[in-house]
Amino acid sequence: MPATPTDLYSLTREELRLLFARWGLSPVHAARLWNYLYLELADSLDTMPELPAKVRDRLAAETRLTPLPIALATDSADGFTRKFLLSLPDGERIETVLMRFTGRVTACVSSQVGCAMGCVFCATGQMGYTRHLTPGEIVAQAVHVARQLRTVGQLAELASRTPAITEAARSATRPTTQPRLRNVVLMGMGEPLHNYDAVMTAVDILRDPNGLALGAGRITLSTVGVVPGILRLAAEKRPLHLAVSLHAATQAERAALVPAAKKWPLDELIAACRTYSEQTGRRIFYEWTLIEGKNDSPTHARAIGELLRGLPAQVNLIPLNPTAGYGGVPTRGEAAKIFQRVLRDEFALPSTVRQRRGIDIAAGCGQLAVAG
Ligand code: SAH
Ligand code: SF4
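My aim in this report is to walk through the structure given alongside it, one point at a time. What you see as residue numbers is a count from 1 along each chain, following the sequence as written. Following the order in which they are written, the chains are lettered starting with A and the ligands numbered starting with 1. Whole-chain, interface and lining totals are the exception, using all residues; otherwise, since this is a predicted model, local features are given only for residues with pLDDT of at least 70 and side-chain atom pairs are given and counted only at 80 or more. Side-chain metrics rest on all non-hydrogen atoms present in the structure, leaving aside hydrogens and water.

1. A short note on the packing of helix α5 (residues 135-150) against helix α8 (residues 196-207)
The convention used is that axes are lines fitted to C-alpha atoms, helices contributing only their stretch in contact, and that angles between N-to-C directions extend from 0 to 180 degrees. Labels follow the DSSP assignment, with helices taken as runs of H or I lasting at least four residues and strands as runs of E lasting at least two, numbered in each case from the N terminus. It is at 8 Å that the axes of α5 and α8 come closest, and there the two elements cross at 40 degrees. It follows that α5 is oblique to α8 by the angle criterion. Every pair of crossing elements has a handedness; the one defined by α5 and α8 is right-handed. For the pair formed by α5 and α8, the contact residues are Pro 135, Ile 138, Val 139 and Ala 142 on the first element and Ala 198, Val 199, Thr 201, Ala 202, Ile 205 and Leu 206 on the second. Note on residue classes: Ala, Val, Leu, Ile, Met, Phe, Trp, Tyr, Cys and Pro are nonpolar, Asp, Glu, Lys and Arg are charged, and everything else, Gly too, is polar. Residue composition of the contact of α5 with α8, grouped by class: nine nonpolar, one polar and no charged. Put simply, angles under 35 degrees are roughly parallel, angles over 145 are roughly antiparallel, angles from 65 to 115 are roughly perpendicular, and the rest are oblique. In this scheme the crossing of two helices becomes right-handed for a clockwise turn of the near helix relative to the far one and left-handed for an anticlockwise turn of less than a right angle. By definition, residues are in contact when any of their heavy atoms lie within 4.5 Å.

So this is what it looks like as structure tokens:
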């Protein structure tokens, strides 16, 4: 057995075909294995009866198939969100969130164990950085969520045993239509552009039309603003939605919230965003965590309007979610609405306020962390 067995979830379909070719095995078997992995969502070689024994023996000897065991699963009281604490082969753990709102099912997946960027209000940043995830560990999270959804009954069962479930959630979980993983957001633990190569391999695997088929417009990557990564995405014209976490419209205010801004200053970030939109023709989502008294006034709204003038943009406002290491409070009352009105009326800038879901189980933006 090789020192490190190949993780099957880390291979693109083409890489799997090449591996089988190297072994002198038919591409038909490679295609069958791929279908087992991503259409049938098989979690073990033992549940792949159509693979001949010699193929399975070779796979058992030289590869590994590592579905991530659930260490803990928690459901939000409204039934819309389920958070998983998943174990990695080396004992590290990550969080992955299944979200069922806006009429479709989305997996929020992690790209790292912890995060090196240190944003002051983020639970992942507060825990520090441990390591990058491999492509297979990123793909396995999406497969895990897809597998959870496969049994429609599981959702119905969740609805029936969650007493406080709302009627809306109950009907969303009614087994009338087959729920399918529709979207993946790289907004879990970690900074995806700090782990660029692994994330892009995972994206290629997730997009494969013969697999999970999370193609055009189904994958959104959120970055703290890693300028070289944004420029590389632009040059490579990766088919993703890009979200950039802004939070402040001046360098000084931003650096106080997002330490990574010292390395990639605001003017360089905006220039990179401009290049990205010019080269790809795509609009960028700009995320703005609304913190009362810090960045939620009409003056702040005007500053973001000025900053983004001329750029194809949409602003996603996220009322601050509580985390243990940060004392700020979320915007209250009408402030978010007033903020939106300024963006719309004075700058014709579209914006949304992100639905607050899963806060009771700490599954909201910036709340994902693993106790050390
Ligand atoms: N590292 C990436 C993606 C993960 S964080 C990034 O920073 O963009 C996903 C989003 O949640 C980011 O926009 C982030 O700024 C935001 N976020 C972090 N902590 C938050 C909190 N406590 N409340 C609300 N949003 C938060
Ligand atoms: Fe890392 Fe994003 Fe959290 Fe900042 S907000 S610490 S970049 S995960």
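2. Re the nonpolar core
In this structure, Leu 181, Leu 246 and Leu 308 are the most contacted members of the largest nonpolar core, which totals 115 residues. Looking at which element gives the most residues to this core, the answer is α5, with eight residues. Each of domain 1 (7-64) and domain 2 (70-139 + 182-361) gives at least three residues to this core. Filtering out sequence-adjacent residues up to four positions away, Leu 246 remains in contact with Arg 254, Leu 266, Leu 269, Ile 270, Tyr 286, Glu 287, Trp 288, Ile 304, Leu 307 and Leu 308. Only buried residues count toward a nonpolar core. Its members are Ala, Val, Leu, Ile, Met, Phe, Trp, Tyr and Cys residues joined through side-chain atoms within 4.5 Å. Classification of residues uses two cut-offs on accessible area relative to the type maximum, computed with a 1.4 Å probe and protein chains only: under 20% is buried, over 50% is exposed, and between them is partly exposed. Domain delimitation follows an automatic or database domain assignment.

3. Focus on the side chain of Asn 316
Assignment of secondary structure puts Asn 316 in strand β13 (residues 313-319). Any pair of N or O atoms that falls within 3.5 Å is considered a polar contact. Within protein, one atom must be able to donate a hydrogen and the other to accept it, and sequence-neighbouring residues count only if both atoms are side-chain atoms. For Asn 316, the side chain forms a polar contact with the side chain of Thr 352, separated by 2.9 Å. If we ignore the near neighbours within four places in the chain, the residues touching Asn 316 are Phe 285, Tyr 286, Glu 287, Trp 288, Thr 352 and Arg 354.

4. Re unusual backbone geometry
Despite not being glycine, Ala 348 shows a phi value in the positive range, around 50 degrees. As for its placement among the helices and strands, Ala 348 is situated in the loop between α13 (335-347) and β14 (351-353). On the basis of relative accessible area, Ala 348 is assigned to the exposed category, the value being 65%. Phi is positive for Ala 362, close to 50 degrees, though the residue is something other than glycine.

5. Structural notes on the site of ligand 1
Note on definitions. A residue lies near a molecule or strand when any single heavy atom of the residue is within 4 Å of it. Inspection of the region around ligand 1 gives 20 residues, with Phe 121, Ser 222, Ser 245, His 247 and Asn 321 positioned closest. One of the backbone nitrogen or oxygen atoms of Gly 190 is found 2.9 Å away from a nitrogen atom of ligand 1. Within the contact set of ligand 1, an oxygen atom lies 3.3 Å away from a side-chain nitrogen or oxygen of Glu 287. Relative to its free-state accessible area of 530 Å², ligand 1 is covered by the protein chains to the extent of 96%. Elements with a contribution of two residues or more to the shell around ligand 1: β10 (219-223), β12 (284-290) and β13. Calculation of accessible area relied on Shrake-Rupley with a 1.4 Å probe; when residues are assessed, cover is drawn exclusively from the protein chains displayed.

6. Some words on the site of ligand 2
The environment of ligand 2 is made up of Cys 115, Met 117, Gly 118, Cys 119, Cys 122, Gly 125, Gly 190 and Val 224. Partitioned by chemical class, the residues of the shell around ligand 2 number five nonpolar, three polar and no charged.

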